Amino acid sequence: MAWQGLAAEFLQVPAVTRAYTAACVLTTAAVQLELLSPFQLYFNPHLVFRKFQVWRLVTNFLFFGPLGFSFFFNMLFVFRYCRMLEEGSFRGRTADFVFMFLFGGILMTLLGLLGSLFFLGQALTVMLVYVWSRRNPRVRVNFFGLLTFHAPFLPWALMGFSLLLGNSILVDLLGIAVGHIYYFLEDVFPNQPGGKRLLLTPRFLWHQAA
């Protein structure tokens, strides 16, 4: 009964959040069970464009490391902020939300080439947090009971937390940069004098989301 209740609750989660979270969990489980190796998942331009291992363009966004604190920490933020975006500013706009993922993923992949980054899931998480925080500037966030601040400071708090854990902050900076580019093009520039909306969701995504 508990599993049935959990499954029913999960099915109430919006489609994009449900699909992305499930893909991340299943990918990590497959690695944990040694059905897959991280070496089959990481982003490698040579293997993608010369060996045509195109799945790496997607799988590098799905693996957050082995089961442990870092994995659960990232999954918490992925699920929470992806869901709040999808149920908030993207409510009824599934195609636009999918397009945000595509735009962010493509831009991160291109910029990741410059920094030799192999896994970009954390950067995508930070992008989601950044966009949510800029669209909810007055919301106060409690950061694990340690600090309370307004939402726009949250991406920077995550970067500081990564620094404390001894991780590279390059991935966090990438997520913040791509999140800001999306926010500027989608929310700021169209409202400027002479501005217009540049990020137009492709028609085929509307047909898929319908």
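Above this text you will find the structure in question.
Calculation notes
- Residues numbered from 1 in each chain as written.
- Predicted model: local features only at pLDDT ≥ 70, side-chain atom pairs only at ≥ 80, totals over all residues.
- Heavy atoms only, no water.
- Buried < 20%, exposed > 50% of the residue type's maximum accessible area, 1.4 Å probe, protein only.
- Helix = DSSP H or I, 4+ residues; strand = E, 2+ residues; numbered from the N terminus.
- Pairing = 2+ DSSP bridges.
- Expected span 1.5 Å × (residues − 1).
- Contact = heavy atoms within 4.5 Å.
- Core = buried A, V, L, I, M, F, W, Y, C linked by side-chain atoms within 4.5 Å.
- Salt bridge = Lys/Arg side-chain N within 4 Å of Asp/Glu carboxyl O.
- 1 Å grid on protein atoms, 1.4 Å probe; cavity = no way out; pocket = protein on both sides within 12 Å on 5 of 7 lines; lining within 4 Å.
- Points joined across faces, edges and corners; volume = space filled by probe spheres on them.
- Nonpolar A, V, L, I, M, F, W, Y, C, P; charged D, E, K, R; others polar.

**Section: the pairing of strand β1 (residues 140–143)**
In step 1: Residue alternation in β1 divides its side chains into a buried set, Val-141 and Phe-143, and an unburied set, Arg-140 and Asn-142.
In step 2: Relative to strand β2 (residues 147–150), β1 runs antiparallel, the two sharing four bridges. In the sheet register, Asn-142 faces β2, and the bridge partner there is Thr-148.
In step 3: Counted between consecutive antiparallel strands, the loop separating β1 from β2 contains three residues, among which Phe-144 sits at a positive phi close to 55°.

**Describing helix α9 (residues 170–188)**
In step 1: Here α9 is 19 residues long and its end C-alpha atoms lie 25 Å apart, about the 27 Å a rise of 1.5 Å per residue gives.
In step 2: Residues of α9 that are buried: Val-171, Asp-172, Leu-174, Gly-175, Ile-176, Val-178, Gly-179, Tyr-182, Tyr-183, Leu-185 and Glu-186.
In step 3: In this structure, the buried side of α9 is in contact with α6 (94–115), α7 (121–135) and α8 (154–164).

**Looking at the nonpolar core**
In step 1: In terms of nonpolar packing, the biggest core is built from 47 residues, with Tyr-20, Phe-97, Met-100 and Met-108 touching the most fellow members.
In step 2: Looking at this core, the elements with two or more residues in it are α2 (15–32), α5 (69–87), α6, α7, β1, α8 and α9.
In step 3: When near neighbours in sequence (up to four residues on either side) are disregarded, Met-100 contacts Leu-85, Phe-90, Met-127, Leu-128, Val-131 and Tyr-182.

**Points about the pattern of salt bridges**
It is possible for side chains bearing opposite charge to pair when their charged atoms get close.
In step 1: The tally for this structure, following the rule as stated, stands at five salt bridges.
In step 2: The partner of Glu-87 in a salt bridge is Arg-83, and the shortest N-O contact between them spans 3.1 Å. Here Glu-87 pairs with Arg-83, and both are found in helix α5, just four residues apart, close to one helical turn.
In step 3: Of the residues examined, Glu-87 reaches a relative accessible area of 30% and is grouped as partly exposed.
In step 4: When the shortest N-O distance is used, the salt bridge between Asp-187 and Arg-135 registers 2.8 Å. With a gap of 52 residues between them, Asp-187 in helix α9 and Arg-135 in helix α7 connect regions that are remote in the sequence.
In step 5: The exposure class assigned to Asp-187 is partly exposed, which follows from its relative accessible area of 21%.
In step 6: Residues joined by salt bridges that share partners form a network here, namely Arg-93, Asp-96, Glu-186 and Arg-197.

**Thoughts on unusual backbone geometry**
In step 1: Despite not being glycine, Glu-34 has its phi angle at roughly 65°, a positive value.
In step 2: On the secondary structure map, Glu-34 appears in the loop between α2 and α3 (45–49).
In step 3: In this structure, Phe-52 is a non-glycine residue whose phi angle is positive, near 60°.
In step 4: Within the fold, Phe-52 resides in the loop between α3 and α4 (56–59).

**Things to note about empty space enclosed by the protein**
In step 1: Here the structure, examined in full by the defined rule, presents one cavity of 30 Å³ or more.
In step 2: What the largest cavity holds in volume is close to 40 Å³.
In step 3: Around the largest cavity, the lining residues are Phe-90, Arg-93, Asp-96, Phe-99, Tyr-182, Glu-186, Arg-197, Leu-199 and Thr-201.
In step 4: Sorting the residues of the lining of the largest cavity by element identifies α6 and α9 as the ones contributing at least two each.
In step 5: Grouping the amino acids of the lining of the largest cavity by side-chain chemistry returns four nonpolar, one polar and four charged.

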